[in-house]
Structures are given as structure tokens and as C-alpha cells.
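Residues per chain are reported as follows:
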Amino acid sequence: MIIRTNRLGKRYGPRAEWAVQEVGLSVRAGEIYGFLGQNGAGKTTTLRIIMGLIAPTEGNVELFGRPAGRGRDFYARIGYVPDVPGFYPQLTVEEHLRMHGKLIGYAGKDRTEETIRRLSLWEMRATKAGRLSHGTRQRLSLAKALVHTPELLILDEPTNGVDPAGIEQLRQLLLDLAKQHGVTILLSSHLLGEVQQIADRVGILHRGRLLAESGLAALEQQLKSCIDLRVSDVRKAVVLLEQRLELNDYEVREPDGLIVHVPADKAAGIARTLIGHGIDLHEMNVRQGTLEDYYLRLIGGEAQ
Ligand SMILES: Nc1ncnc2c1ncn2[C@@H]1O[C@H](COP(=O)(O)OP(=O)(O)OP(=O)(O)O)[C@@H](O)[C@H]1O
């Protein structure tokens, strides 16, 4: 196991609420782990504890099979992209990378150049960080995290403020690092669709607690297809679903929406029964369940 947290808990003060509680997540070698949760769920807090930047109130962290430490050896094996990356406005892109390389005990010129090219920063290598756009600064932050060839990459909401082309580039980069170079990746995000495209496993954090941890392939197998309906009489439709069709796995979306979780081949029967009992079907749409459906059901359908 590359990362294991044991019953992690954090309060930011003796009388404060628990920001995270009893979090036990495990990240395996070579996988991309999507750490999902709404704003304020406790993702940043957890990642900062894993990085040794703040101390947990309870519990502990194991990294690379050993209790986590703070020495240079430990940081040299990890690349970290914080939620709000810090910069020296007067230093250029290249100077940032050289300085970071030195701090971490790595100062290879070739590697610095390779990283600059890889992150499409070559044109900007002599530009001061204070003059870079937000998206370019995000790439610089990623370059800093990668310049020393880490085994583990931890990214806190790396797509914040990045445009669609940048997100696609990041996705390809992360997949390449994990699949071609064996880098283990822990990535926090609230963009479920993005995570579904690249993660091998996901952990879902809600109000400081890890509600679920699951392989994505297994999850997708389990996710039933959904039938989205808009009907003239939701209450009557619900009675018919339960009593005539014995379908109990559904959600009502007021005022006229219904989501029924069933195999797609039930759709025709549902339509026949509803129409046969005088209900108008304004809309009917059959689709495969998504990570978002699973997530919303798990957290009880609370809005973002
Ligand atoms: N330095 C701090 N002092 C006091 N409370 C804090 C501090 N940092 C975070 N918190 C609180 O801890 C809880 C979890 O916050 P955290 O930033 O870890 O969540 P998050 O999932 O990363 O959210 P976001 O996606 O908005 O960054 C929140 O209630 C937040 O207000």
C-alpha cells in the first residue's frame, strides 16, 4: 500500500467541529485514486495531513509502508500540487523549477528542461511567475511536483480554473504517468465526470467521513441503468411502480420527475403500465448510471 490513513481525525481547535473523522483510506501502488467530496468535505485537510503539513488530532498516516515522516527523503518521493499553489512573482518558470529541484535534492538540468517541455511551458520558461495566467501557473505547479520524478503524486483539485483543453492535457498526462511510468496518483476533485474518466478507485468523503471506497470498474458494474421520467402525476406513478411493477428503487425529483434504477429492458413495461393507467409520459430517457448517481445516492441527494 502506498498510502494508508488510520482513523484520521482533525479539529482545528478544541471546540471546533471535526473537519475529518475516522478517515481510513488506502491507495495502492500504480493506481489513480479519485478523492471525491463537496466543498468543505475535508479533502484538503486530509491531503495536508498526508503531506505532513498539518498534524492530525487523531490517527496516523503510513506512506510507502512506513509511518509518515517529514524528512527530505520522504518529500523526494512525493510530488504535491496544493489547492492554492504559492509562487515567487519575481522568479521565472525555469528558476522556480531549479530552486525546487535544489530544495528537494535534485538539480538535473536535463530533467528541468524535459519537465518544462512536457508541461508546454517552453515558451514561458523565462517569464516571471507574477505575469503568468492562472492556468499557466497551475501547469507550473504541476511541473514543480514532477521535476524530481516522484513515485507518488498528490493533487488537490488540480482542474480549478483550468480551461477544457488544459483539463484534457492534464488527464492525458496523469494517465501516462500512472500507466506508463507506474506513478501512484491521489487526486481530489468535485468533478465526478472527470474522475470517472481516469480513476481506478474512488473514495467518497462527506462531512469529514469516508462514506465509501471502491474500484471504479466494480462500481460501474453495480450501477444499474437509470430511467429518467417526467410524468403528469408523480404520486400515482410511484404507486404503480411499487404495486404493479414491484419496483422500489426510485427517486422522486419534484415537481414531475422520477428516476427509476432498473435494467434498461424494463423501460417498455414501465411505459405501458403508466400510460395504461392514464398517466401522460412527457419524457422518458434510458441511460447507464453514472458515478454522479452513485455519489448523490450515497450522500442522500443533497445539492452541492
Ligand atoms: N485552517 C483552518 N482553520 C479552521 N477551520 C478550517 C481550516 N481549514 C479548513 N477548515 C474547516 O475544515 C472543514 C474542511 O475543510 P477542507 O478545506 O479540508 O475541505 P475541502 O473538502 O478541501 O473543501 P474545498 O473543496 O472547498 O477546498 C471546513 O469546515 C473548513 O471550514
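All values reported here derive from a predicted model rather than from experimental measurement.

Rules behind the numbers
Residues numbered from 1 in each chain as written. Predicted model: local features only at pLDDT ≥ 70, side-chain atom pairs only at ≥ 80, totals over all residues. Domains from an automatic or database assignment. Helix = DSSP H or I, 4+ residues; strand = E, 2+ residues; numbered from the N terminus. Buried ≥ 20, exposed ≤ 12 C-beta atoms within 10 Å, placed from the backbone. Near = placed C-beta within 6 Å. Nonpolar A, V, L, I, M, F, W, Y, C, P; charged D, E, K, R; others polar.

**Q** Where do I start with the domain arrangement of the protein in this structure?
**A** By a widespread convention, an interface's size corresponds to the accessible area lost as its parts come together. One can read the domain layout of the protein as domain 1 (3-220) and domain 2 (224-288). Relative placement of domain 1 and domain 2: their C-alpha centres are 42 Å apart.

**Q** Any chance you could explain unusual backbone geometry here in plain terms?
**A** Trans peptide bonds make up most of the peptide bonds, and negative phi angles are found at most residues other than glycine. Geometrically, the link from E254 to P255 is a cis peptide bond, its omega value of 5 degrees lying close to zero. You can see P255 is positioned in the loop between strand 13 (250-253) and strand 14 (257-261). Look at R7: it is not a glycine, yet its phi comes out positive at around 45 degrees. Take R7: it is sitting in strand 1 (residues 3-11). One non-glycine residue, S120, adopts positive backbone phi at about 55 degrees. Secondary-structure assignment places S120 in the loop between helix 4 (109-118) and helix 5 (134-146). The partly exposed category is assigned to S120, around which 14 C-beta atoms lie within 10 Å.

**Q** Explanation requested: the site of the ligand in the structure shown.
**A** Neighbouring the ligand are Y12, A19, G37, N39, G40, A41, G42, K43, T44, T45 and D83. For the shell around the ligand, the leading source of residues is helix 1 (residues 43-50), giving 3 residues. A breakdown of the residues in the shell around the ligand according to their chemical character gives 3 nonpolar, 6 polar and 2 charged.

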